[in-house]
Amino acid sequence: MQISNGISMAIPEKRKFPRVGFERGVDAWIMSIDGTWRLRCKMRDASAQGARLKPASMEKLKEKEFFLLLSSTGLAYRRCELAWINGDEIGVKFLQMKR
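The structure contained in this document is the topic of the report that follows. (Residues numbered from 1 in each chain as written. Predicted model: local features only at pLDDT ≥ 70, side-chain atom pairs only at ≥ 80, totals over all residues. Heavy atoms only, no water.)

### A few points about the packing of aromatic side chains
Following the criterion strictly, the structure yields 1 aromatic pair and no others. Ring centres of phenylalanine 67 and tyrosine 77 lie 5.6 Å apart, and the angle between their planes is 90 degrees; on these two criteria the pair is classed as edge-to-face. Of this pair, phenylalanine 67 sits in strand S4 (residues 65–69) while tyrosine 77 sits in strand S5 (residues 77–86); the two residues are 10 residues apart in sequence, bridging distant segments of the chain. For phenylalanine 67, a relative accessible area of 13% translates into the label buried. On the basis of relative accessible area, tyrosine 77 is assigned to the partly exposed category, the value being 42%. A cation sits over an aromatic face here: arginine 38 above tryptophan 29, 4.0 Å from the ring centre. (Phe/Tyr/Trp six-rings, centres within 6.5 Å; stacked < 30°, edge-to-face > 60°. Helix = DSSP H or I, 4+ residues; strand = E, 2+ residues; numbered from the N terminus. Buried < 20%, exposed > 50% of the residue type's maximum accessible area, 1.4 Å probe, protein only. Lys NZ or Arg CZ within 6 Å of the ring centre and 35° of its normal.)

Below is the structure:
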């Protein structure tokens, strides 16, 4: 952040969990809860609580909840909730499975 007198101040990190960044992004899929559609995406960074994704398209992201598939067979996945949209990237919050 730039202050009027030219002194720069760092903005403190508000996240509780550190994020791991992926320079080239990790290939993943976004899939609807009922499995009727899938959408390619790149995972840009992730933490224990959520991730930043760059979907191939924004048109199918009308649902608030979906799955993030981390493997082509669908064996590694997380249930997500859309947290924010900023240009061509989205933020997701990982939802805990109820036991």
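We are not done yet, so read on.
### Examining the environment of serine 32
Structurally, the position occupied by serine 32 is in strand S1 (residues 20–32). Along the sequence, serine 32 and leucine 61 sit 29 residues apart, while their C-alpha atoms lie 9.0 Å from each other. Setting aside residues up to four positions removed in sequence, serine 32 forms contacts with Trp37, Glu63, Phe66 and Phe67. (Contact = heavy atoms within 4.5 Å.)

### Considerations on the pairing of strand S3 (residues 50–55)
Bridge count for strand S2 (residues 38–46) against S3 is 5 bridges, and the pairing is antiparallel. Counted as the bridge partner of lysine 42 is lysine 54 from S3. Bridge analysis of S3 against strand S6 (residues 89–94) gives 4 bridges, and the strand direction is antiparallel. The residue of S6 that forms the bridge with alanine 51 is valine 92. (Pairing = 2+ DSSP bridges.)

### Things to note about the environment of alanine 56
Residue placement: alanine 56 occurs in the loop between S3 and S4. Since its relative accessible area comes to 62%, alanine 56 is described here as exposed. Each C-alpha atom, one on alanine 56 and one on glutamate 89, is 9.6 Å from the other, the two residues being 33 residues apart in sequence. In contact with alanine 56, not counting residues within four places along its chain, are Leu39, Arg40 and Cys41.

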